[in-house]
Each structure stands twice: as structure tokens, then as C-alpha cells.
Amino acid sequence: MSLLLRHQPELGGLQLDEQGWTSVSDLLAHLQTKDPSIDRFRLEEIVATNNKKRFAFHPEEVNLIRAQQGHSVDVELAYRPVDP
């Protein structure tokens, strides 16, 4: 997932928008070609339990997912600066 969402989305036929979001169903379709046991429930579990919080579902559009950090592709994550 990191490879697809952070570095090479084209390997999975994915399109990232300017903020890195892509379709959950497109991601699942690709992941299931490698491991048919991965479904929406398993994907939600991966996102929720990742200790580095690398992935997130869009807060309003439930069919969008992205990597939260570490992109080597050009995306603008729209984070606001905060004081330490």
C-alpha cells in the first residue's frame, strides 16, 4: 500500500488527486489481485492499526484513501503549520 499510495500509484492503475486521495474501490481492486482476502473491512483494520498512522480515509468522502506522509510523488497534503 505504501508503494502505491506514496510512490508509484501507476503500478496499481491509481490516480492520486492533488492532495493524494484516491479511490478505495480502485485500491481494493488492485490489492485483491495480489491477495483476494483483502476487503474493505481488512483495509479499515490496516488503516486503524498502523502504528505510524501512515494512511487515512477522507473524513467526508468515505470512498477516498491516501497516505498521510512520505510521498515521493508531487502532492499537497494541505496540512496547516502548527507551533511546536
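Coordinates for the structure precede this section.
Residues numbered from 1 in each chain as written. Predicted model: local features only at pLDDT ≥ 70, side-chain atom pairs only at ≥ 80, totals over all residues. Heavy atoms only, no water.

Structural notes on the overall build of the protein chain
Along the protein chain, the regular secondary structure elements total 3 helices and 3 strands. In the protein chain, the succession of α and β elements from N to C terminus is α-β-α-α-β-β. The C-alpha atoms of the protein chain give a radius of gyration of 13 Å, which matches the 12 Å a tight globule of 84 residues would have. Its C-alpha atoms give the protein chain principal-axis dimensions of roughly 45 × 25 × 20 Å. The buried share of the protein chain, reckoned over its 84 residues, is 33%. If you take every contact in the protein chain between residues at least 6 apart in sequence, the share linking residues at least 24 apart comes to 47%. Total accessible area on the protein chain is roughly 5,600 Å²; 50% of this is exposed by carbon and sulfur atoms. Measuring between centres, the 9 positive side-chain charges of the protein chain sit 8 Å from its 13 negative side-chain charges. (Helix = DSSP H or I, 4+ residues; strand = E, 2+ residues; numbered from the N terminus. Rg over C-alpha atoms; globule rule 2.2 N^0.38 Å. Buried < 20%, exposed > 50% of the residue type's maximum accessible area, 1.4 Å probe, protein only. Contact = heavy atoms within 4.5 Å. Areas by Shrake-Rupley, 256 points an atom, 1.4 Å probe, with all protein chains shown as cover. Lys, Arg positive; Asp, Glu negative; His and termini not counted. Charge placed at Lys NZ, Arg CZ, Asp CG, Glu CD.)

Focus on the nonpolar core
One broad rule of soluble globular proteins: the nonpolar side chains tend to lie buried together. By size, the foremost hydrophobic cluster in this structure holds 13 residues, and its most contacted members are Leu-5, Leu-27, Leu-31, Leu-43 and Ile-65. Put simply, the parts of the chain that give this core at least two residues each are α1 (2-7), α2 (24-34), α3 (40-49) and β3 (64-67). When residues no more than four places from it in sequence are discounted, the contact partners of Leu-5 are Leu-14, Leu-16, Thr-22, Leu-27, Phe-55, Ile-65, Arg-66, Ala-67 and His-71. (Core = buried A, V, L, I, M, F, W, Y, C linked by side-chain atoms within 4.5 Å.)

Topic: unusual backbone geometry
Although it is not a glycine, Lys-53 sits at a positive phi angle of roughly 50°. With respect to the helices and strands, Lys-53 occurs in the loop between α3 and β2 (55-57).

Describing the pairing of β3
Inspection of the sheet shows strand β1 (residues 22-23) paired to β3 by 2 bridges, in the antiparallel sense. Considered in β3, the bridge of Thr-22 is made with Ile-65. Note: β2 against β3, 3 bridges, orientation antiparallel. If you follow Phe-55 over to β3, its bridge partner there is Ala-67. The turn joining β2 and β3, which pair antiparallel and follow one another in sequence, is formed by 6 residues. (Pairing = 2+ DSSP bridges.)

What about the sheet that holds β1?
Backbone-to-backbone hydrogen bonds pair the strands of a sheet. The strands run either parallel or antiparallel. Spatial ordering of the open sheet is given by β1-β3-β2, a layout of 3 strands whose pairing is antiparallel. Here the strands that pair on one side only, and so sit at the sheet edges, are β1 and β2. Packing of α3 onto the sheet brings it into contact with β2 and β3, and relative to β2 it is tilted by some 125°. (Axes fitted to C-alpha atoms, helices over the stretch in contact; angles between N-to-C directions.)

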